Amino acid sequence: MTRKHLRIINILMINFNSSVVHTNTRLNMLTYSLLFTISCLLGCTAEFYLLDDRIGLGREFDGIGGLSGGGATSRLLVNYEEPYRTRILDFLFKPNFGASLHILKVEMGGDAQTTDGTEPSHMRSKDEGNFFRGYEWWLMKEAKKRNPNIKLIGLPWAFPGWVGEGTQWPYFFPNVTSDYVVTWISGAKQHHNLDIDYIGIWNERKYDPVYIKVLRDTLDRAGYTNIGIIAADGDWSIAAAMLKDPYLNDAVEVIGVHYPGTKTVMEALLTEKKLWSSEDYSTFNDDIGAGCWARILNQNYVNGRMTSTISWNLIASYYENLSFGGDGLMTADEPWSGHYVVESPIWMSAHTTQFTQPGWFYLQTVGNLTYGGSYVALTDRKGNLTIVIETMTHNHSQCIRPPLPHFDVFPQIATFQLKGSFAHLTDLQVWYSKLDFETKNDTLFQRGSPIKVYNGLFTLKLNVDEVYTITTVHTGQKGTYPEPPKSQPFPKNYSDDFTIDNPPFSEAPYFADQTGVFEYFRNSKDNGSHAFTLRQVVTERPVTWARDADQTISIIGDHSWTDLNVSCDVLIETPISGGVFLAARVDQGGESVREAKGVFYWIYANGTYKVTNDIGGRRILAEGPSGTREGVWYTLTLRVKGYFATGMLNGYPLWKNAVVLEPNNGWAALGTLSFEYAQFDNFEVNAE
């Protein structure tokens, strides 16, 4: 557009504003004529979009959220020192600051691997309960501290083995499973004063109608009639079953689906239930991830009438080389340095979350833009209006799943006409983001000058890969803190003697459990040098979600480590069949933990040792007698350099120069031969 065109537009606007118009008809004709003239000067590609509440409202908005768990995705967050941990939490939860999330969904830990690690269960037997394990309780309280109105959701991925009574299936005994779940809800209230708003069934696994109805009955009998059931955190198939089974339909409050591609099914709409994308996004948090997130936040409602979208995951706070490294709305995976990154998806969230709240309503007049992109409009029914517009292009907004069909987006002129309750508005606040894939110079959540509304009309020139929020709400803010410390690798020299009287969390810093659970332990049988230890505490294979190893393992350190010494005091507690290991160059974890390779140095209660190239012990590098047994503390030392590994027992060489051809690098680790008790103390690693 030339300067001449701009001068003409300015003259037209001045003449329009100074005109004295005596009839509504003439005013409307003049307005449309003015906007048409401006549109033609801008290229004659203008389209008109009506925003009107006189025809009724759409569905109630339930909020935007993040998911901690599924699994152990917030593991490293708890180990940040202040003030950095508080700042990270503010960017996630503080209203009118950053992502300002409306919903926090957490994993109900089940002692099993659930993507990036294990999360501890609150009940390891039917007669035991501990509501201070793990960090999800802490995270929910921190979220509530910042936003008392945030909604809380719990969902199991796995269950302790006793729940399935050895069957690997939690539905055979629905009363047992429902009691286990309701106990978690009661513990949240009794021990942490947390009110859970919604509860799920079993993440991405087949649902059982009988169990859902039993769970509803158990909740009601316990006085939790206000807690809604979300089902089934998978595909849409439960919707058809609900239409056929009125009792199942009554039991379910929300149909929750994962990665719907912004589409719903007719059966779900016919239930007239709330429809949520209860897990979505799951994409690397670069600008393409931001484009994915911005697009689905709008289009999940426009195309699928889903009134809530929840990001997996909340924050990439786990070792980057685990499954889906770098997913999340922001990154905080270096507690040892204090470094974190407020990624662009945080600000895509803010375009919606800072200007709406659960309980607002979508207008019926929402949809797709003619030349690509989408728009939604929401109101609090008290006069406030928020419009969110996105123009994300195909190649710059692909989520990790499902595959995204091709579509085109072009620069365009959009004129919005406000009718009904909004016809009187004369100016609106503007917030703007541009993901600039050419210059790499993004504009993220920038406040613009208020836009003038003339006779209910305003016009925007929209380019590609942009997000606009046009709103009556004045409270938006782009929160800032001083730059965090610079990124640093994991310390090459690290040690932990696990001596802490009242640990704030049950897990030791930086250890990331991949099968089994390793917790601080007060050793009442030893008041000397091993009074405080780290103990593996899962003694029965859980009802698993992923392919857990048959051994237990916790990793630590830097995946790029090649040559290192690692040592640890170990105590086998299981006679004859028990065993423990120390490892280096462990190359895999997460859902691939069963295939982990490295250098694994084992000692057994039967008086032998073994060195293997994999966690499963299929490739043996060395073996022989060790004289080890249960109930005695031993010091294991493992040195790996180049293609050779050497092991010591209590300071004396036990084996040497085992040939290690692969892997070339990986984490340090410790663990056990099976699901058994064992203790570890005085861990130390020195990497070259």
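In the block above lies the structure referred to throughout.
Residues numbered from 1 in each chain as written. Predicted model: local features only at pLDDT ≥ 70, side-chain atom pairs only at ≥ 80, totals over all residues. Heavy atoms only, no water.

For the protein, the count of helices and strands is 12 helices and 36 strands. Relative to the compact-globule value of 26 Å for 688 residues, the protein shows a C-alpha radius of gyration of 29 Å, a close match. When its C-alpha atoms are laid out on the principal axes, the protein stretches across 105 × 55 × 40 Å. Residue pairs in contact within the protein that sit at least 24 positions apart in sequence constitute 72% of those at least 6 positions apart. Averaging the locations of the 58 positively and 75 negatively charged side chains of the protein gives two centres separated by 5 Å. (Helix = DSSP H or I, 4+ residues; strand = E, 2+ residues; numbered from the N terminus. Rg over C-alpha atoms; globule rule 2.2 N^0.38 Å. Contact = heavy atoms within 4.5 Å. Lys, Arg positive; Asp, Glu negative; His and termini not counted. Charge placed at Lys NZ, Arg CZ, Asp CG, Glu CD.)

If you look at the biggest cluster of nonpolar residues, it comprises 177 residues, and the most contacted ones within it are Phe93, Leu104, Ile199, Ile212, Ile238, Tyr319 and Phe683. Ranked by residue count, the leading element in this core is helix 11 (residues 287-302), at eight residues. When sequence neighbours within four positions are dropped, the list of residues in contact with isoleucine 199 reads Met108, Gly154, Val181, Trp184, Ile185, Leu215, Leu219, Ile227, Gly228, Ile229 and Ile230. (Core = buried A, V, L, I, M, F, W, Y, C linked by side-chain atoms within 4.5 Å. Buried < 20%, exposed > 50% of the residue type's maximum accessible area, 1.4 Å probe, protein only.)

Of note, the bond from alanine 231 into alanine 232 is cis; its omega dihedral lies within 30 degrees of zero at 5°. Within the secondary structure, alanine 232 sits in strand 7 (residues 228-234). The omega torsion of the bond from tryptophan 312 to asparagine 313 falls at 5°, within 30 degrees of zero and hence cis. Following the sequence through the fold, asparagine 313 ends up in the loop between strand 10 (308-312) and strand 11 (331-334). Even without glycine at this site, isoleucine 576 takes up a positive phi of about 65°. Its place among the elements puts isoleucine 576 in the loop between strand 27 (564-572) and strand 28 (579-586).

Attention now goes to the pairing of strand 34 (residues 652-659). Sheet topology note: the strand 33 (residues 644-649)/strand 34 ladder contains five bridges and is antiparallel. Looking across to strand 34, one finds that alanine 645 is bridged to alanine 658. Here strand 33 hands over to strand 34 after two residues, with asparagine 650 in that stretch at a positive phi of 55°. (Pairing = 2+ DSSP bridges.)

This part is about the packing of helix 4 (residues 136-146) against helix 6 (residues 174-192). The geometry of helix 4 relative to helix 6 is characterised by a closest axis approach of 12 Å and an angle of 60° between their N-to-C directions. When the axis of helix 4 is compared with that of helix 6, the two are oblique. Handedness of the helix 4/helix 6 crossing: right-handed. Seen from helix 4, the contacting residues are Trp137, Met140 and Lys141; seen from helix 6, they are Trp184, Gly187, Ala188 and His192. Per-class residue counts for the contact of helix 4 with helix 6 are four nonpolar, two polar and one charged. (Axes fitted to C-alpha atoms, helices over the stretch in contact; angles between N-to-C directions. Parallel < 35°, antiparallel > 145°, perpendicular 65-115°, else oblique. Left-handed = near helix turned anticlockwise from the far one by under 90°. Nonpolar A, V, L, I, M, F, W, Y, C, P; charged D, E, K, R; others polar.)

To continue, consider the packing of aromatic side chains. Within the structure shown, the criterion is met by 45 aromatic pairs. A centroid spacing of 6.3 Å and a plane angle of 20° characterise the contact between tyrosine 319 and tryptophan 336, whose relative ring orientation is stacked. Taken together, the positions of tyrosine 319 in the loop between strand 10 and strand 11 and tryptophan 336 in the loop between strand 11 and strand 12 (339-341) put the pair 17 residues apart, joining distant regions of the chain. In this structure tyrosine 319 comes out as buried when scored by relative accessible area, which is 5%. Ring geometry for tryptophan 602 and tyrosine 604: centres 6.3 Å apart, planes at 10°, overall stacked. Since its relative accessible area comes to 10%, tyrosine 604 is described here as buried. Connected via pairs of aromatic rings, a cluster forms that spans Phe91, Phe97, Tyr340, Trp347, Phe355, Trp431, Phe445 and Tyr481. One residue, arginine 522, lies across the ring of phenylalanine 532, its end atom 4.8 Å from the ring centre. The ring of tyrosine 677 is capped by arginine 535, whose NZ or CZ atom sits 3.9 Å from the centre of that ring. (Phe/Tyr/Trp six-rings, centres within 6.5 Å; stacked < 30°, edge-to-face > 60°. Lys NZ or Arg CZ within 6 Å of the ring centre and 35° of its normal.)

Right, let's get into helix 8 (residues 237-244). Of the residues making up helix 8, those classed as buried are Ile238, Ala239 and Met242. Viewed end-on, helix 8 has its buried residues packed into an arc of 105°, placing them on one side of the element. If you follow the buried residues of helix 8, they end up packed against helix 7 (209-221), strand 7, helix 9 (246-251), strand 8 (254-258) and helix 10 (266-271). (Arc of directions from axis to C-beta.)

Think of an α-helix as 3.6 residues a turn; residues three or four steps apart then line up on the same face. The end-to-end C-alpha separation of helix 7 is 19 Å, in line with the 18 Å expected for 13 residues at 1.5 Å each. Residues Tyr211, Ile212, Val214, Leu215, Arg216, Thr218 and Leu219 constitute the buried set of helix 7. Each element contacted by the buried residues of helix 7 is listed here: helix 6, strand 6 (198-199), strand 7, helix 8 and helix 9. Regarding helix 7, its N-cap is aspartate 208, as a side-chain oxygen of that residue lies 3.1 Å from the backbone nitrogen of valine 210 further along. (Expected span 1.5 Å × (residues − 1). Polar contact = N/O pair within 3.5 Å; in protein donor to acceptor, adjacent residues only side chain to side chain.)

Moving on, we come to the packing of helix 11 against helix 12 (residues 344-353). Running from N to C, helix 11 and helix 12 point in directions that differ by 20°, and their axes come no closer than 8 Å. In terms of orientation, helix 11 lies roughly parallel with respect to helix 12. Considering the relative orientation of helix 11 and helix 12, their crossing is right-handed. Every residue of helix 12 that contacts helix 11 at Asp287, Gly289, Ala290, Trp293, Ala294 and Leu297 is listed here: Ser344, Pro345, Met348 and Ser349.

The next thing to look at is the sheet that holds strand 20 (residues 457-462). Strands sit in the order 1-17-20 across an open sheet of three strands; the sheet is mixed. Edge strands, defined here as strands with exactly one partner in the open sheet, are strand 1 (46-51) and strand 20. Put simply, the sheet's adjacent strands are angled 25° from each other on average, direction ignored.

Another aspect to go through is the side chain of serine 374. Here serine 374 is to be found in strand 15 (residues 374-379). In this structure serine 374 comes out as buried when scored by relative accessible area, which is 0%. Among the polar contacts made by the side chain of serine 374, one reaches the side chain of asparagine 298 at a distance of 3.4 Å. A polar atom in the side chain of serine 374 sits 2.5 Å from the side chain of glutamate 390. Ignoring anything within four residues of it in the chain, the contact list for serine 374 reads Asn298, Gln299, Val302, Gly367, Asn368, Leu369, Val388, Ile389 and Glu390.

The strand order around the closed barrel built from eight strands is 3-4-5-6-7-8-9-10, with neighbouring strands paired in parallel fashion. Strands in contact with helix 7 are strand 6 and strand 7; relative to strand 7, the strand with the most contacts, it is inclined by about 155°.

The next point concerns the side chain of aspartate 558. Looking at the secondary structure, you find aspartate 558 in the loop between strand 26 (552-556) and strand 27. No salt bridge is formed by the buried aspartate 558. Its closest oppositely charged neighbour is lysine 492, at 8.2 Å. At a separation of 2.7 Å, a polar atom in the side chain of aspartate 558 contacts the side chain of serine 560. In contact with aspartate 558, not counting residues within four places along its chain, are Pro489, Phe490, Gly666 and Trp667. (Salt bridge = Lys/Arg side-chain N within 4 Å of Asp/Glu carboxyl O.)

What follows concerns the pairing of strand 26. In terms of residue burial, strand 26 counts as a mostly covered element, since five of its five residues are buried. Every second residue of strand 26 is oriented toward a common face, with Thr552, Ser554 and Ile556 on one face and Ile553 and Ile555 on the other, all of them buried. Bridging between strand 23 (residues 512-515) and strand 26 involves three bridges; their strand directions are antiparallel. Looking at strand 26, one finds that threonine 515 is bridged to isoleucine 553.

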